[in-house]
Amino acid sequence: MNDPRTPAERSAPTGAARLAMGLAVLALSGAVLAQAGDRPIRFILPVATASGVDTITRAASPALSKALGHPVVVENQPGAGGIVGTSALVKSAPDGWTLSVVSNNHVIYPSVYKTLPFDPIADITPIAVIGETPIVLVVNPKNVPATNAQELVALLKAKPGEMNYASSGNGTILHLAAAMFLDESGTQAKHIPYKGVGPMLTDLIGGQVDFGTLALPSIQQHLKSGALRAIGVATPKRLAAAPDIPTFVEQGMPNYLVGGWFAVIGPAKLPAPDVGRVNEAFVAAFNAPDVREAMAKQGNTINVSTPEYAAQFFRSELDKYAKLVRKAGVEAQ
């Protein structure tokens, strides 16, 4: 029988067990941390502000600071689809003071870039898969009259290759999600890559591009204002956080299912005590009532995994996206 839970949900121990382990780990590392005073823990995000990962990390930052016992500084370093920021992370000292929150992009890189300045598996320490965020296909309502998937597909087929779509960079999950939509619908459109979600959103709202796929947390305000129109969400069922957005499944595209996941990592060779400390801090922070409420409003599914599961997950996702990239016809740059 198929288990309907997400991979992260299947891997996670009970909340009580995780919190108990967390108290033990935090107690062991407390003396060391106390010596560091108010030194901030730096989170290098390989994404621009306003992206899904950025929105999620910033919403959890106060709770993370409390759980870690130190100030948390979020530093955005977008560029090259996330390679710039991740390069900075892998070059940092494995001492627990520099971490990152990454998305699917991290395991897509090898399939869309001919060369990389780092190994996405060997050069990091997986700490936890935090959860998943829904991806929504949106259009600029002034450029695109379509209000549902059937109408958008009809427009794309009437103008093969004439319409364009934005992404946060070549080879990102937002690029791949849009390419998968075109593949599933048998249509064509021109890809316009940007250096992050921020500039992508600016031009999408401004009408320089016609449509794109984005994480729900990054576009909720723009859907409410009418600056963007949602065509569908690539989840099996409608979202409690956005019940008015139909799924592509119910619109006749049952195979168009794609979501964004996010995970915390450190540099390679991060010591086990630091891995445990950070993992349990994320468990505590994402269990905080205010963070749970924020995640629910954003439509995110949270279930913080173990470090062991995270390591296995990164390897399996690397293989999974290699196959999806080939199927969607995304060429390596």
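Bear in mind the structure is a predicted one, so any value in this text is a computation, not a measurement.

(A) Geometry of the pattern of salt bridges. Counted under the stated rule, the structure contains nine salt bridges. Note that Arg-58 is salt-bridged to Asp-54, the shortest N-O span being 2.8 Å. Pair noted here: Arg-58 and Asp-54 are both in helix H3 (residues 52-68), with a separation of four residues, about one helical turn. Judged by relative accessible area, which is 4%, Asp-54 ranks as buried. Of the charged contacts in the structure, one is a salt bridge between Lys-327 and Asp-183, with a shortest N-O distance of 2.8 Å. Taken together, the residues Lys-327 in helix H12 (residues 307-328) and Asp-183 in helix H7 (residues 173-185) connect sequence positions 144 residues apart. Connected via shared salt-bridge partners are Asp-183, Glu-184 and Lys-327.

(B) Focus on the packing of helix H5 (residues 105-112) against H12. Where H5 contacts H12, the axes come no closer than 8 Å and their chain directions differ by 45°. When the interaxial angle is binned, H5 and H12 end up oblique. The way H5 lies across H12 gives a crossing that is right-handed. Contacts between H5 and H12 pair His-106, Val-107, Ile-108, Pro-110, Ser-111 and Val-112 from the former with Phe-314, Glu-317, Leu-318, Tyr-321, Ala-322 and Val-325 from the latter.

(C) Looking closely at the nonpolar core. Membership of the largest hydrophobic core comes to 69 residues, with the highest contact counts inside it found for Leu-152, Phe-181, Phe-211, Leu-214, Phe-248, Tyr-256 and Phe-314. Ranked by residue count, the leading element in this core is H7, at nine residues. Not counting residues up to four positions away in its chain, the partners in contact with Phe-314 are Val-102, His-106, Val-107, Ile-121, Ile-124, Pro-126, Trp-261, Ala-263 and Ile-265. Counting 33 residues, the second-largest nonpolar core is a separate cluster that includes Val-53, Val-74, Val-278 and Phe-286.

Conventions used here
- Residues numbered from 1 in each chain as written.
- Predicted model: local features only at pLDDT ≥ 70, side-chain atom pairs only at ≥ 80, totals over all residues.
- Heavy atoms only, no water.
- Salt bridge = Lys/Arg side-chain N within 4 Å of Asp/Glu carboxyl O.
- Helix = DSSP H or I, 4+ residues; strand = E, 2+ residues; numbered from the N terminus.
- Buried < 20%, exposed > 50% of the residue type's maximum accessible area, 1.4 Å probe, protein only.
- Axes fitted to C-alpha atoms, helices over the stretch in contact; angles between N-to-C directions.
- Parallel < 35°, antiparallel > 145°, perpendicular 65-115°, else oblique.
- Left-handed = near helix turned anticlockwise from the far one by under 90°.
- Contact = heavy atoms within 4.5 Å.
- Core = buried A, V, L, I, M, F, W, Y, C linked by side-chain atoms within 4.5 Å.

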